[in-house]
Structures are given as structure tokens and as C-alpha cells.
Amino acid sequence: MTTTMSCKPKAKEEPAINAANMDTTIKPGDNFYQYANGAWLKSHPIPNDYSRYGAFEVLGEENYKQLQTIMDEASKDKNAEAGTVRQKIRDFYNTGLDTVKIEKDGFNPIKAELAKIDALKTNEDIQKMVTQRHAVGSYPLFYFFGSADEKNSNMVIAQLYQGGLGLPDRDYYLGDDARSKEIRSEYLKHVAKMFELIGEDPTQAGKDATTVMQIETGLAKVSSTRLELRDPISNYNKMNLDAIQKMAPKFDWASYFKGIGLTKTEEINVGQTKFFTGMAELLNTIPAEQWKVYLRWNVVNEAAAYLSSGFEKENFAFFGTVLSGKTAQKPRWKRVLSETSGSLGEAVGQLYVEKYFPPQAKERMISLINNLKAALKERITGLTWMSDVTKKEAIAKLEKINVKVGYPDKWIDYSSMQIGTNSYYENMVNATLFNVKRDMNKIGKPVDRTEWGMTPQTVNAYYNPNMNEIVFPAAILQPPFFFLNADDAVNYGAIGVVIGHEMSHGFDDQGRQYDKEGNLRDWWQAEDATKFQAQTKSLADHYSNYKLLDSLHVDGNLTLGENIADLGGVNIAYTALQKAMEGKDMSEKIDGFTSPQRFFLSYAQVWRNNIRDKELMRRLKEDVHSPGEARVNCIVYNVPAFYQAFSIKPTDKMYRPADQLIKIW
Ligand SMILES: [Zn+2]
């Protein structure tokens, strides 16, 4: 049911499971990912402007076309009334495409900000400047935002969170491995080039780049690792202003909170206390002159994508090419479209669902979700490792999971967002300011349960532990995830697993620490928790042993939550499929495959993708999701139904004896 917006009539619709995409020279028991996807992978090399290309990206391309239609219509609408979302979408998009003006402006849009930084003298001045930047949604040094109190999930409280780094992970600053060293050396060159672009001579630019590296390395040293950030308990440190002042005494917190407009300072969560103590210390020991360099870098780095081509190209050369291996930038219309869709998310989303989201899709989803819930309940009831006491709590949590499909019932009101024809950069700044004010306004108030954390046009889904809810934006309800008219096996293998995956997040190593109300509270019998941990350790080891590119490994601990969700997702969706097909013949073939086979093939094709080596290395370090290949192969060989579906033998390469299969949910 994909809607294509090209003028050509669409070629004959591809069958949901197409044997032409498979590589049947490989045995399903030797490498199921390759068996299911081999021919597709060979015939779909990665386009230059992608670092990874697979099912998500193909659907993403469809999405671009749909959104382009919306943007094009809005951009030509000369009669859009001032202040309407249509006018805002039009002007945001058009200023972004006006490269003549952007080129002419050079870095004029940030000159006033750079001049302010130049005028700073003391470390107190630096703190004031940091405060001013935070007040408008730019975050040197650390992050500030509002979100649910982890132990009182009905209330929004202020949150302080580590940050301040230009590179995407602390380990890149500290790692001794060849890739981290290479990234550091390229980063130094990149920062220097950006300083040259704002008029510094090469010698000074080189020195300044070193200063940025030193400061960021200092921040990296006091930052928590990604693994440490996965522990909700150690990242929950609720305190009041006085306690924060004691924890990080060398920063004037009262002035800071006043400056950003936070009036309620009794309850603030400090995500990483060690970071804030260290950050405040650094702020006092490093001279103001060096901090000015760091602040300048932050302004340029953040603005680069909205400035003239020199900035934009250099920005891409580092973040696109060095880090991810892309050789070409996406066409400008796509980049501007993404920015517009990001800044005016629900305004664009409203037009998107009107045009592209069939109401039947929502009905079908709700019924699928109910079947998945029933299947998980049945599986929890039947677990042999969990006591009845904990089972009762788990089922109560499952039954309370809230479900959102398609789009929000209540849209964000954008009337106070100022978007005009002045400049692309200014529009971006104003959109950010709107979001900051909106966020700030929520602090100290009850959580709005109708809010969405993703826009309808996002190809993704999520579980929110504080709201105990699963959310499926309209854009994911399309092939290869969701087929309005295909057989159950295909849908349960794709969107069914996605639903099961999101539900399982409520019961993964992080999610299980939240109760049915979304509060961080232990509802487990100690013995059950111990058994759960023993099994999740096996799963972590299983992934850590999975090899990619001969010498790389998945980090089984970093990806544990996602892997638990994948394993749960496949098992729950398969149980749900069996229930849905009760009384029907599952061995009957469609396009040459039985229903159980179609289920697993559908699952495998969702995760097919080609990925550049650099992007793979980056993701293995930064991404809590395992690579597509592992998401298929580390899962299916743990699922008994898969062995039956494809008659897997002990002589097959990835065969695992029945008593070694990992089962959690
Ligand atoms: Zn997930």
C-alpha cells in the first residue's frame, strides 16, 4: 500500500516475500541473514550519500517523496496567512533552499554571537555566557531539559545531564585504539579548518583546535561511559539547589537557574554527579581565554549546517565522511526538508497523516497489538524461571501498557514560533527557542500523557518507561514493516515483532526496573531477578562473541536491552501468529513458503542492510542496537520454531543444541 508520488505509474507491486531477494545457495542453518537477503544485498550497493542502506532507508526514500510533496505545495503557497503553520513550513523550507542568500551571508548570522564571546574577560563571564547560551537552547558544557521524575513519573522535573563534547562519544578522546587515534587527528584538523573559516590564520586556528581538544578531553575524562548511562539508578540523583551547589561548588548554580528561567529549584535530577563536580572544577582551573575558544567552537559547530557552503562542506567532510564513510552529501532539498520536518514536527505531521495515513491501518494495528499483548501474557504465565508473585506484577504491568498509533490526538500549538523570510539560520534559532520555552514551561507540572516523543512522519517506534507506553508513528506502518493486505505470517514477522520488541522493552534489563506506573521501583522477587540476570548474561555473551568484518565484535552489554527486546519480540510475535492462525493450515505455502518460513523471512528482511566499515565501527561503539546481521542471526538460532520451520540440523554452522537456546520472555 505504499503511496508513491512519482509521476510514473508504479511497477507491479513486489510480493511481500520475494525469493529473488534471497541467496538460496546458502543454507538457512549456516547464515540465515544471508540466505534471506543475499541477492538483495548484492543488488543494492550503498548510495554515496548513505552510510548504511537497507529496509529502513528504502522506506525513508518513500518518506522523502511524500514529505517533498507536502513541502512543495506549502513552499509555493503565496497566500498562506501569516502566523499559520503553512506559512511557517513555507518560509522555513524556502529560506533553507535560498542558497544565493545563504552564500552571500557567509557567517554573518553568527557574528554577533562571536563578538559577545570576544568581549568576555573572566571565568564568571564565561559562566554567564554558558547560561545565556543554554537559555536559547544551545548547550556548551552540559545539557539541561525537563522530563518525568523517574520515581514520581506523573511530574516533570528539571534534569541536568552530561555533555559538552564535539565528538559523539567520550571514548574517542580517551581510547588507545587505532580508530580513536585516527578520529582525534582528523577532528583536530577539522576544528582548525572551521576556525580558519571564521577568519583565523592557520597557526592560530591550529592552536585553538588544540585548546578545544584539551578542554573536551577534560570533560570526556569526567563523563560516564555509555554503559554507565544505561543504569537508571546511578543516573538518578534528585537534589535541591543547595545540594547541587555543594556537589559542584565552583559554579554559581543560583545565577545559572535564574538566568535560564528556572524558578522551581527544589527538585532537580543531576544525571551524573561526577561529571558536574568535574565540569565545575574545570571551569575554574582553565583560563577564560581558553574557554572563549571553546565557546567560539560551539557556536560555529552548531551553526555550520545553516551557513554558507564552506562551513557546510567542512562539517560534512568530518561528520559525514570521516566518521561515517559517506562520500556525498544528501541533496540540499532533503537536508532542508529534514530540518523543517524536525523543527515543525507536528505541523508537518498533521499534513502528512491527512494525506498518507489510511484509517484502516490504525484499526489493523490496534488488533495486532491486542493479539501481541495476549501472547505475552500467555508466555509470562508459562515461564518456568519466574515465581508466581513476580508474574502477577509483570502481567499487571503488561496490562497497563498504554498504546499510541499513528499520530497524537492533540497537536502542538506552534502559534508562538517565529518563522519568517529573514534567514534560514534565524528560523532554526527561533524554532529551537520555541522548543526550549515549551520544555521549560512543563517543569514542575504534571506530565502530559497525550504527548508524543516522535513525529508521525518518523520511521520508527518506541517504548517510554516513565509512561509505560508503546508508540507507533504513522510512517512505520508501511512495507516492509506493515502490509495492509498481506498474510498474517508476513505482518507478524515484521510489524508484529516491532510491537513485541517495544513491549519487551518494558521488561528488558532497564525497563524491568520501572513499575506499571512508570516509576523506578523494584517489583521483583530477589530470586527471580537473579535468574533473569543469569539469562541476560548468556545473551550478552552470545552477542559479544558474534564477529563482524573478521575482527569486530558486538558489545553485548551495551546492546543488551535491544537484544532482549528483539528476542522477546520474535518469540511473542510467533506465539501471537500461532494464535491468529489457529484452525488454519500453517504449512500451506504462499509464493513458495509456509507461514512459519514467511514469518522468519519477513523478520530477516526488515533488518537487511549494507553498511560502510566506518559506519559499522561507529555504531558498534555508539549504538545501543546491534547491526542488522546480528539482529537476525543472534536471534533466530535461539528460537525453537525457527529450527522446525527450516529443518535446521546439528551439522548446520549456526545450530545450537536445544538445551542451550536462550529464552527470556
Ligand atoms: Zn528498541
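Going by the structure above, here's the rest.
Residues numbered from 1 in each chain as written. Predicted model: local features only at pLDDT ≥ 70, side-chain atom pairs only at ≥ 80, totals over all residues. Heavy atoms only, no water.

1. A closer look at the coordination of the zinc ion
Link 1 in the chain: Distances from the zinc ion to its protein donors, namely His501 (NE2), His505 (NE2) and Glu562 (OE), fall within the range 2.0 to 2.1 Å.
Link 2 in the chain: Each donor residue of the zinc ion lies on one chain, and together they are spaced H-x3-H-x56-E. With His505 in helix α21 (residues 488-505) and Glu562 in helix α23 (residues 560-580), this pair connects stretches of sequence that are 57 residues apart. (Donors = N, O, S within 2.8 Å, 3.2 Å for Na, K, Ca; no water. Helix = DSSP H or I, 4+ residues; strand = E, 2+ residues; numbered from the N terminus.)

2. Notes on the pattern of salt bridges
Link 1 in the chain: For the structure on display, the rule yields 45 salt bridges.
Link 2 in the chain: Close ionic contact of Lys355 with Glu73 constitutes a salt bridge, the shortest N to O distance being 3.3 Å. A residue pair is termed long-range when its members are at least 10 positions apart, and Lys355 in helix α17 (residues 345-356) and Glu73 in helix α2 (residues 55-75) qualify at 282 residues.
Link 3 in the chain: The class of Lys355 is partly exposed, set by a relative accessible area of 40%.
Link 4 in the chain: Residue Glu73 is classed as partly exposed on the basis of its relative accessible area, which comes to 40%. (Salt bridge = Lys/Arg side-chain N within 4 Å of Asp/Glu carboxyl O. Buried < 20%, exposed > 50% of the residue type's maximum accessible area, 1.4 Å probe, protein only.)

3. Looking at the side chain of Arg656
Link 1 in the chain: Its place among the elements puts Arg656 in the segment after α27 (640-645).
Link 2 in the chain: The buried charged residue Arg656 lacks any salt bridge partner; its closest oppositely charged side chain belongs to Asp659, at an N-O distance of 8.8 Å.
Link 3 in the chain: Within the local environment of Arg656, its side chain forms a polar contact with the backbone oxygen of Gln660, the two atoms lying 3.1 Å apart.
Link 4 in the chain: Other than its neighbours up to four places away in sequence, Arg656 contacts His542, Tyr637, Asn638, Tyr643, Leu661 and Ile662. (Lys, Arg positive; Asp, Glu negative; His and termini not counted. Polar contact = N/O pair within 3.5 Å; in protein donor to acceptor, adjacent residues only side chain to side chain. Contact = heavy atoms within 4.5 Å.)

4. So, the nonpolar core
Link 1 in the chain: Core analysis: the largest hydrophobic core is formed by 201 residues, its most contacted members being Phe32, Phe144, Leu160, Trp253, Phe600 and Trp665.
Link 2 in the chain: Not counting residues within four places of it along the chain, the set of residues in contact with Phe32 comprises Phe600, Leu601, Ala604, Val632, Asn633, Val636, Tyr637, Phe642 and Phe646. (Core = buried A, V, L, I, M, F, W, Y, C linked by side-chain atoms within 4.5 Å.)

5. Regarding the sheet that holds strand β8 (residues 469-473)
Link 1 in the chain: With mixed pairing, the 3 strands of this open sheet are ordered in space as β6-β8-β7. Each edge of the sheet is formed by a strand with only one pairing partner; in this case those strands are β6 (402-406) and β7 (462-464). Direction aside, neighbouring strands of the sheet carry axes that sit 15° apart on average.
Link 2 in the chain: Bridge count for β6 against β8 is 5 bridges, and the pairing is parallel. When the sheet's bridge partners are listed, Asn402 is paired in β8 with Glu469.
Link 3 in the chain: α21 rests against β7 and β8 of the sheet, and its axis sits at about 150° to β8. (Pairing = 2+ DSSP bridges. Axes fitted to C-alpha atoms, helices over the stretch in contact; angles between N-to-C directions.)

6. Section: the sheet that holds strand β3 (residues 152-162)
Link 1 in the chain: Read across the open sheet, the 4 strands follow the order β2-β3-β5-β4; overall the sheet is mixed. Unpaired on one side and paired on the other, β2 (142-149) and β4 (238-239) mark the two borders of the sheet.
Link 2 in the chain: Relative to β3, β2 runs antiparallel, the two sharing 8 bridges. Bridge assignment links Ser147 to a residue of β3, and that residue is Ile157.
Link 3 in the chain: Sheet strands touched by helix α13 (residues 273-285): β2, β3, β4 and β5 (268-270). Its angle to β3, the strand with the most contacts, is close to 40°.

7. Comments concerning the environment of Met71
Link 1 in the chain: Among the secondary structure elements, Met71 is positioned in helix α2.
Link 2 in the chain: Taking the C-alpha atoms as reference points, Met71 and Leu376, separated by 305 residues in sequence, lie 41 Å from one another.
Link 3 in the chain: Dropping the residues within four chain positions of it, Met71 is found in contact with Ile89, Tyr93, Leu337, Thr340, Ser341 and Val348.

8. Topic: the environment of Lys313
Link 1 in the chain: As for its position among the elements, Lys313 is in helix α15 (residues 309-322).
Link 2 in the chain: Each C-alpha atom of the pair Lys313 and Tyr161 lies 30 Å from the other, and the pair is 152 residues apart in sequence.

These figures come from the coordinates and say nothing about function on their own.
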